[in-house]
Structures are given as C-alpha cells and as structure tokens.
Amino acid sequence: MSRLEMRAIEKGFSGVPILRKVDLTVEGGEVHALLGENGAGKSTLMKTLTGIYRADSGEILLDGVPQNFHSILDSRKAGINIIHQELNLFSNLSIEENLLIGYEQPFRTAVGWIRSRKLREQTRELLQLVGLSRSPETPVSELGIGERQLVEIAKALQSDVRFLIMDEPTAALTDQETRRLFQMIDDLKRRGVGIIYISHRLEELFAIADRVTVLRDGMTVGTYCMREVEEDVLVERMVGRSVENRYPRSESQPGDVILELDHIQTRRLHKPISLTVRTGEIVGIGGMMGAGRTEVARAIAGIDRLLGGTMRLKGQSVQFRSPREALEHGVALVTEDRKDDGLILPFAVRLNLALPTLAERQRLGFVEQQRERAFAEEWIRRLSIRVQDADQPVVNLSGGNQQKVVFAKWLAQDPQLLVLDEPTRGVDVGAKHDIYQLMNEMKARGKGILMISSDLPELLGMSDRVYVMRDGAVVGQLMGSNMDQEVFMALVARSQEVES
Amino acid sequence: MSWFRRYRLGPLLGLVLLVLILSITSQQFLTVSNLLDVLLQTSVNALLAIGMTFVILTAGIDLSVGSTLALTSALAAEWMVGGTNPWLAGIAALCIGGVAGAFNGVLVAYARLAPFIVTLGTMTLFRGLTEIYTNGQPIFNLPNSFNGLGNGSILKIPVPVWITIVMFFIAWAVLSRTVAGRRIYAIGGNEKVAYLAGVRAKRYLVAVYVVSGILAALAGLILTSRLATAEPTAGNGYELDAITAVVLGGTSLFGGEGTLVGTIIGALILGVIDNGLNLLNVSSFYQDAVKGLVILIAIMLDRKKSDGR
Ligand SMILES: Nc1ncnc2c1ncn2[C@@H]1O[C@H](COP(=O)(O)OP(=O)(O)OP(=O)(O)O)[C@@H](O)[C@H]1O
Ligand SMILES: [Mg+2]
C-alpha cells in the first residue's frame, strides 16, 4: 500500500503565514477528508502538495521517499493529481480539447499531429465514466457549472493516479451527480487509490470518508476516524465554537405575493413556468443540473427577456430589459458562477462590494471614499469575511470567502426580492450559519427570497416551500410534511415514461 | 517594497533615471527653457494619451485619434479662414471630435465589433474624409487671434501646457474619484459582472470613445495653432505614441487596471527621450532604434515587479 505524508509544512504569502506546521498522512485506498473553515488553508496545502506552491519548510514523503515537486507536472508524474476548487477549463475549447491539454503524450503522433480518433474515443469513455452525456466536441462554454466540474473530474482521471485530491468537487453538483461521484470514488478506492477529499458538506464526509483531518488557522487540529467522531465535535474543532442548529429555519409568516411568474417563457425556457413568492418567505427551487433553475433566475433578474407569460412584482406586471431595471425594482440575483459573473477578480474586495451600490455613496458624482471604506468594512465584519484588509484583491481570497463577498454585495442592496443561485457553494459550516441568519433576518423584515440550491439538506432545511423542476418545467411543490428527501428524489428522478 | 508595487512606481523610476542621465550628459537639458520645451512638445501626445487611457481602461483601443485630429483641425481651419470666430470654430471642432468618437463607440458597444477593427476602419475613413475635404492641400492664413492657443504663455508657462494640466486634473478626478470612473474600471475588469451589477456598460463604452475624440480634436487645435497650418497629414502615427504612453504608464491593455498619473509619466518619458536625443545630437537614423529600446526597458522594469503575484 502506498502512503503519502506531509510533515510540518509551512507556507506564507508575502510574509503572512498561512500554513503553520501542518501534518497530514494519507494511505492508499482510503478516503481522507480535509475539513476546515474558509481560509483555513486547505487549498493552499493541496497546492503545496502538488508543487504549485513551494513550501517554505517541511517535507513531503511518498512511500517514505522525500519528494521535491517543482510543478504540477512533477507531482502528476509521481501519481498525485488534483481537481481544483476553482474550475480551470478553457471555455473557448471543446471538452475533448480540454482533456487533451496537459495530457498530450498519448494522443500525439511522432511528428506532433493529434490522434483525433483516439482522443474522441477516450473522451467518450471518460465522459461515460463520470456520467456526463455530452458529445466530446461540445464547447465548454455551453456547459453549466456542474457539467464543467464533471469535465474536470474526467480530466484528472486520465493519468494513472495513486493519490487524487478533490477540492470541493461536489460544490456544484446535484444530489444525483454526487452519488455518481461517490460510486467513482468507491471504485478508485478499491483500486488502491488514496483520495483527499475537501468538502464543507458534512453529510458527505460521513458518507464516504474513512478519516478526517481538521485544519484551523493553518494548523492541524487532529485526525479522526470518521466512524468514531460526532458531527458536533467536528464542527466545534473546526470553527472553535459549537453550531447549534445547522439549518435555523425561522417561523414563516407569509404575507402578500411579492413575485408571481405566470406561465413565463424565455429564449432558454421553452415550457411555461409559474410560481409565486410571498413576503416573509424563503422559497426553494430544487432539481437536477440542467433542469432550468438558473434560467428562471435569469428571467426574474432581467438577464433574459420574457417571450411569453407575465411576471408580476407586488401585483404590478413588469418587463425587465436589463439587470439594472430589475435592481431598480428591488430585485437582486446572487449568480451561481462567482468567477465569471460575480466578481472582478483582480479588484479589491472593497470595490467588488461597492459596485452595485456605488450611486448610494456619492456626492455630485464623486465617490465618498470614507463611507465606501466603512461600508466595505462593515460587510466584511458582518459576514466574517477573512481578508487582510478591504483593499486585498478578491483573487487572493479563499473560495468560500469569495462567495461571501458575492453574497454581501447583493445583500447590501437591501433588495425586496433576493434571488439566490447556489448561495452557499463552498462556504463553511459556521459561515453558512451566518448566511442563513441573514436570510432569516430579511425574511423577518418582510422581504421575499427565492433560493436555488443543489445542497439538499440546505434546500429542505431552509426553505418554507420548495418547487421541484425537471426538464425545464415545474413538476411539483413540497411544503409542510411533504418537505422530505424521499419525496423530493421521487419527483426529481421520475421520468415521464416510467410513470406508474 | 509593497508601497512600490501598490503605487506602481516603475514608470516614475524610469522617468527619473532618464532625467538623471540626461542632466549629466547634456548641459542644456536641465534648464527652465528646455524643460518648458519638453512639456510643450509633450502636450499634444499627453492629451491624446489621456483620452486613450479612458478607452484602454475598458479593454478597448482607439487607433483613430490621429485621423480625428486631422479631420477636426482641417474643418476648424477652413471655418476660421472663412471668417468664423475662432472660439466658435474651436468649439465646433471639439463637437465634431465627440461625434467621431461616438461613431466608434456605437460600433463597439452596440454593434459589438472589436475596437481594434472599428478604429482601424475609422482611422482610414477619417483620414480619407480629411483628404477629400482639403483636396490634399494644407490650409494657411489662419486668423492671428488663433495664434495664442498654441504659442502664447501664461505666467511664463505655455498655454498648451496649461490646457494639458487642466485636462489631466479633470480626467484624473473623473477616473479615480467619481462613480463614473469606478464603473469604467469595472467594465474593463469584467464587463459581465458590471452589467449584472446594473452598470449601463454600453453607454459608458460610447462615452470613453467620445472623450477620446474630443481630446483628439483639442490636441488638433493646439497643433494647428502652433504650426499656423492645418495639414491633411497631421497626426499621422500619433495614435501609436499615445498608446505607448498609456502602456508605459502601467495601464493594462486588457482593461481594468492603470492610472492617469502613469499615463502622464509615460508621455513625459517619450517627450524626454525625444528631447534628449536631439540635445545629444543623435543622428535621426538612430533615434527610432534608441527610443524603441528605451521603451522596452521601461516596460520590463514595470513587469518585473508585477510578476510577484
Ligand atoms: N496567492 C495568495 N496570496 C495571498 N494570500 C493568499 C493567496 N492564496 C491564498 N491566500 C490566503 O490564504 C488563506 C488560505 O486560503 P485557502 O484557499 O487555502 O483556504 P481554504 O481552506 O481552501 O478555504 P475555502 O474553504 O474557502 O476554500 C486565505 O486567507 C487566503 O486569503
Ligand atoms: Mg479552498
């Protein structure tokens, strides 16, 4: 059996220590979870392991032999591969071309031509393995974010792996796809592959992990056997306080209908969609990837125009021609893809937070710098966003902290209706709790919230009602005693043919 | 060194080095009259570069500024020769510059064409219109009252330098202090994110080209006044000097990053190089090669330090 050890790893960025003596031992054939708050250093540790960053001190041993990885190619050669937290695909290229890049060797002829047939066959096999039913020639730009994640996984499975690192692989996946991924993990495990699995979804860790190492502030808190440890204990070790109720849904007192979709259609929504959201209510939308959930959000937020049906806001029929018009009516959308739609990565946290509300802090067109800074600092504090200061570029934040920035910038709008598309993707347990509290606060103040989520416990735990979508249509609604995993799965999975 | 990085002192360092070298190698360089001359020589390019900064910050480019300059100068000169009040003719020229910019902007923002291609087209188009309008002939005999714009001085400082300073401060305030400036940066950083945040990205895109066009017209008026002639070939190749100044100043051609202070420093670097090469009597055959090398060195100085992240 192979064994991977990291000993007393230290790593800092421009003088700020991020990892402070981290130890981690992973055996071949085990699933080893890595748990820690946003910004604890999990991704940094994995990047150090794979040679993307160089550790300031400490050593990495593979089967007892010290390793010195200078780049990701070195670690890949040694049999360690990583699926990154942030997607790293070329959206201008097709799926197969993406798989090719970085793994050209088997697909090139002596003179450098590409063996396209072989590439296509292998791509097809891999796509089947990860359960993505798309043709290899599909441009990545046409794929949803969850589908892209599957392509990333396929990509990592190309080479011979002995250790595979998955940095929040399920953050963008729905339940169905997650199960599929778990099957794949099981297969890999049986073949003796060691898996390092990072996730903020505790249920998943209990489902597949054998052991877990908890990181806090760049230090190892401990390694535990998954079978012997309680969830509460883990949470406490991780965040340093206990989180009482993971999904603190508050009593709802639904008021008037704030949003009503009456058989709306758009370029992307071919079947008419109807739903309502009331004030003081959190309404969920669940369903599989590609079920049309994001498309509904886009229509509400004025990104896609209505081609049919009516949308009413507080009883008034509205037609938004741009996100701006939606915002002017108090409708804000937290987009699902923070990297492309949510953040200007090289810009400071302060500027990203301020962007949608710039006009509120101006005098004669001039930005009131002092107020902007205070504003940014307040939101950083309210969501406990981990930053060095408000001027740190967003690109240097950990994934979960980036998500909090996106969330904060829309919350700061104080919208009447907040549409959330996967709001807590990659956010740690403690911070999720904070976000849920903020949602409850909005609810209490009579705002409406429409939440798309692939995180089933969150969807069922926080929503007052849930619409279920499949194939671009609303196929059912869960409420009251119906709000149950089994019922949900039945609705999602039921295919029209097998209707009993 | 973080303050060095934060305030992007690379270009300034380059300028200081150049000034030091020239002060040592040439006695005439560090004199008030020569320095004023450098500023005067730089002002036309500086005005173009200020407009170019707006455009490049949105990840665009404006290759048409040289031709816009020529077209608006020719029109203004012809009007003045025909008896129009110089103020009126000047303001009309600025408006025409704005219209020319708006034409670029609309094609970029609403027709979604690549800025490079659009302005490459209008560069040729505006130059062609100038040639048609002037019949390829220079326009002389401008009224004396127009002389002061390019050749006058206030408090010993040439009027074009004053104009450049004023324009710089206005543009600097807009870009770094106003909501509009923030939005321009945001559009360059990620247009989609800006759009989703409710920024009217298209309007801003048109606006930056309008700014560039107006400043090109202003630069044209100054140039025409200084030479007391409007040449149909005026401003040929000026767009490249303007772009060079912007890039030397540390502004990213990909948009969203850069400062106007940097641009001015970039323009000054170019002006000082030209001036120095003349003072040192470098043969005109060598001038371009030396200038090119200095530019490359300055840009490398800047890259070195931004690599760190
Ligand atoms: N290139 C960088 N420059 C400066 N700081 C960085 C850089 N990369 C990461 N950091 C900082 O290091 C810390 C750890 O980040 P890391 O991405 O490892 O966290 P994480 O545990 O993976 O969090 P998450 O659960 O949110 O993904 C964060 O505070 C982050 O801001
Ligand atoms: Mg991470």
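Residues numbered from 1 in each chain as written. Chains lettered and ligands numbered in written order. Predicted model: local features only at pLDDT ≥ 70, side-chain atom pairs only at ≥ 80, totals over all residues. Heavy atoms only, no water.

The name given to chain B in an unreviewed UniProt entry is Ribose ABC transporter membrane protein, with the source organism recorded as Alicyclobacillus sacchari. Comment text from UniProt for chain B, heading Subcellular location (unreviewed entry), reads "Cell membrane". (UniProt positions renumbered as here; feature names shortened; annotations may be inferred.)

An unreviewed UniProt entry annotates chain A as Monosaccharide ABC transporter ATP-binding protein (CUT2 family) originating from Alicyclobacillus sacchari. The UniProt entry for chain A carries the following text under Subcellular location (unreviewed entry): "Cell membrane".

Asks: An account of the overall build of chain B is requested, with residue identities and associated values reported.
Replies: When helices and strands are tallied, chain B shows 14 helices and two strands. A compact globule built from 309 residues should have a C-alpha radius of gyration of about 19 Å, and chain B, at 19 Å, falls within 12% of that. Counting the 309 residues in chain B, one finds 51% classified as buried. About 14,200 Å² of surface is accessible on chain B, with carbon and sulfur atoms providing 68% of the total. Taken as two groups, the 19 positive and 13 negative side-chain charges of chain B have centres that lie 16 Å from each other. (Helix = DSSP H or I, 4+ residues; strand = E, 2+ residues; numbered from the N terminus. Rg over C-alpha atoms; globule rule 2.2 N^0.38 Å. Buried < 20%, exposed > 50% of the residue type's maximum accessible area, 1.4 Å probe, protein only. Areas by Shrake-Rupley, 256 points an atom, 1.4 Å probe, with all protein chains shown as cover. Lys, Arg positive; Asp, Glu negative; His and termini not counted. Charge placed at Lys NZ, Arg CZ, Asp CG, Glu CD.)

Asks: Let's hear about the interface of chain B and chain A: which residues, and what values?
Replies: Facing 22 residues of chain B, the contacting portion of chain A comprises 32 residues. Taking both partners together, chain B and chain A bury about 2,200 Å²; carbon and sulfur atoms supply 61% of that area. One can count two salt bridges joining chain B with chain A. Close ionic contact of A:D341 with B:K192 constitutes a salt bridge, the shortest N to O distance being 2.8 Å. Elements with a minimum of two residues in the side of chain B that touches chain A: α8 (159-177), α9 (179-189) and α10 (191-196) of chain B. Top contributing element to the side of chain B that touches chain A by residue count: α9(B), with six residues. (Contact = heavy atoms within 4.5 Å. Buried area = accessible area lost by both parts, 1.4 Å probe. Salt bridge = Lys/Arg side-chain N within 4 Å of Asp/Glu carboxyl O.)

Asks: How would you summarise the site of ligand 1 if you had to cite specific residues and measurements?
Replies: Residues and elements named next belong to chain A. By nearness alone, 20 residues border ligand 1, and K42, S43, T44, S398 and G400 come closest of all. Taking 640 Å² as the accessible area of ligand 1 by itself, protein coverage stands at 88%. Those elements that provide at least two residues to the shell around ligand 1 are α1 (42-49) and α14 (399-411). The biggest single contributor to the shell around ligand 1 is α1, with three residues. Looking at the shell around ligand 1 residue by residue, the classes come out as five nonpolar, 12 polar and three charged. Counting contributing residues, the shell around ligand 1 receives three or more from each of domain 1 (3-239) and domain 2 (257-493). (Near = heavy atom within 4 Å. Nonpolar A, V, L, I, M, F, W, Y, C, P; charged D, E, K, R; others polar. Domains from an automatic or database assignment.)

Asks: Break down the domain arrangement of chain A for me, with residues and values.
Replies: Residues and elements named next belong to chain A. For chain A, the domain assignment lists domain 1 (3-239) and domain 2 (257-493). Taken over C-alpha atoms, the centre of domain 1 sits 29 Å from the centre of domain 2. Of the residues lining the interface, 32 residues belong to domain 1; the matching set on domain 2 comes to 31 residues. Summed over both sides, the interface between domain 1 and domain 2 buries roughly 2,400 Å², with carbon and sulfur atoms accounting for 51% of that surface. Looking at the side of domain 1 facing domain 2, the largest losses of area belong to N38, E86 and I145, adding up to 25% of the total buried there. Linking domain 1 with domain 2 are three salt bridges.

Asks: Go over the sheet that holds strand β4 (residues 57-62) of chain A, please, and point to the residues and values.
Replies: Residue and element names in this part refer to chain A. Reading across from one edge, β2-β1-β4-β5 is the order of the four strands in this open sheet, with antiparallel pairing throughout. Whereas interior strands pair on both sides, the edge strands pair on one side only; in this sheet they are β2 (16-27) and β5 (65-67). Mean inter-strand twist for the sheet, computed between neighbouring axes without regard to direction, equals 30 degrees. As paired elements, strand β1 (residues 3-13) and β4 share five bridges and run antiparallel to each other. Its bridge partner being in β4, E10 is matched across the sheet by S57. Docked against the sheet, α1 engages β1, β2 and β4, running at close to 115 degrees with respect to β1. (Pairing = 2+ DSSP bridges. Axes fitted to C-alpha atoms, helices over the stretch in contact; angles between N-to-C directions.)

Asks: Summarise the UniProt feature "transmembrane region" (unreviewed entry) in chain B; cite the residues concerned and give the values.
Replies: Residues and elements named next belong to chain B. Summarizing the sequence annotation, UniProt attributes the feature "transmembrane region" (unreviewed entry) to residues 50-75, 87-107, 154-175, 204-224, 245-273 and 285-301 in the numbering used throughout. In the segment residues 50-75, helix accounts for 73% and strand for 0%; the C-alpha atoms at its two ends are 23 Å apart. Secondary structure across residues 87-107 comprises 100% helix and 0% strand; the distance between its end C-alpha atoms is 31 Å.

Asks: With reference to specific residues and values, describe the coordination of the magnesium ion (ligand 2).
Replies: Residue and element names in this part refer to chain A. Coordination of the magnesium ion (ligand 2) by the protein comes from S43 (OG) and Q85 (OE1), over a distance range of 2.0 to 2.2 Å. Linking S43 in helix α1 with Q85 in the loop between β6 (80-83) and α3 (95-100), this pair joins segments that are 42 residues apart in sequence. Summarising the burial analysis for this pair, S43 and Q85 share the class buried. (Donors = N, O, S within 2.8 Å, 3.2 Å for Na, K, Ca; no water.)

Asks: Give me the lowdown on the pattern of salt bridges, citing residues and values where you can.
Replies: Residues and elements named next belong to chain A. Taken as a whole, this structure holds 44 salt bridges over all chains when the rule is applied. Of the charged contacts, one joins E10 and K21 as a salt bridge, the two residues approaching to 3.7 Å between their closest N and O atoms. Separated by 11 residues along the polypeptide, E10 in strand β1 and K21 in strand β2 bring together distant segments of the chain. Look at E10 and you get partly exposed, because its relative accessible area is 28%. A salt bridge links D414 to K447, with the shortest nitrogen-to-oxygen separation between them at 3.6 Å. Here D414 is found in the loop between α14 and β19 (417-421), whereas its partner K447 is found in the loop between α15 (429-444) and β20 (448-452), with 33 residues between them in sequence.

Asks: Let's hear about the packing of aromatic side chains: which residues, and what values?
Replies: If you walk through the whole model with that rule in mind, you get five aromatic pairs over all chains. Ring geometry for A:F13 and A:Y53: centres 5.0 Å apart, planes at 80 degrees, overall edge-to-face. Separated by 40 residues along the polypeptide, A:F13 in strand β1 and A:Y53 in the loop between α1 and β4 bring together distant segments of the chain. Taken together, a centroid distance of 6.5 Å and an interplanar angle of 85 degrees make the contact between B:F169 and B:W172 edge-to-face. Of this pair, B:F169 and B:W172 both sit in helix α8, separated by three residues, roughly a single helical turn. Put simply, the rings of B:F168, B:F169 and B:W172 pair up and form one aromatic cluster. Over the ring of A:F375 we find A:R361; its NZ or CZ atom is 3.8 Å from the centre of that ring. Over the ring of A:W379 we find A:R382; its NZ or CZ atom is 4.4 Å from the centre of that ring. (Phe/Tyr/Trp six-rings, centres within 6.5 Å; stacked < 30°, edge-to-face > 60°. Lys NZ or Arg CZ within 6 Å of the ring centre and 35° of its normal.)

Asks: Tell me about the packing of helix α2 (residues 10-25) of chain B against helix α13 (residues 260-279) of chain B, and name the residues and values.
Replies: Residue and element names in this part refer to chain B. The interhelical angle for the contact between α2 and α13, taken along N-to-C directions, is 20 degrees, at an axis separation of 9 Å. Regarding the angle of α2 to α13, the classification is roughly parallel. Relative to α13, the crossing made by α2 is left-handed. Residues P11, L12, L15, L18 and L22 of α2 touch α13, and the partners they reach there are I265, L268, I269, V272, I273 and G276. Counted by class, the contact of α2 with α13 contains 10 nonpolar, one polar and no charged residues. (Parallel < 35°, antiparallel > 145°, perpendicular 65-115°, else oblique. Left-handed = near helix turned anticlockwise from the far one by under 90°.)

Asks: Any chance you could break down the pairing of strand β8 (residues 194-198) of chain A for me, citing the residues and the numbers?
Replies: Residues and elements named next belong to chain A. Within β8, five of the five residues are buried, which leaves it mostly tucked inside the rest of the structure. Residues G194, I196 and I198 point to one face of β8 and I195 and Y197 to the other, with burial holding for every one of them. Two strands pair when backbone bridges link them, and strand β7 (residues 163-167) and β8 are joined in this way by five bridges, in the parallel orientation. Paired with M166 across the bridge in β8 is Y197. Handedness of the β-α-β unit built from β7, helix α6 (residues 175-190) and β8 comes out right-handed. (Right-handed = clockwise from strand over helix to strand, strands pointing away.)

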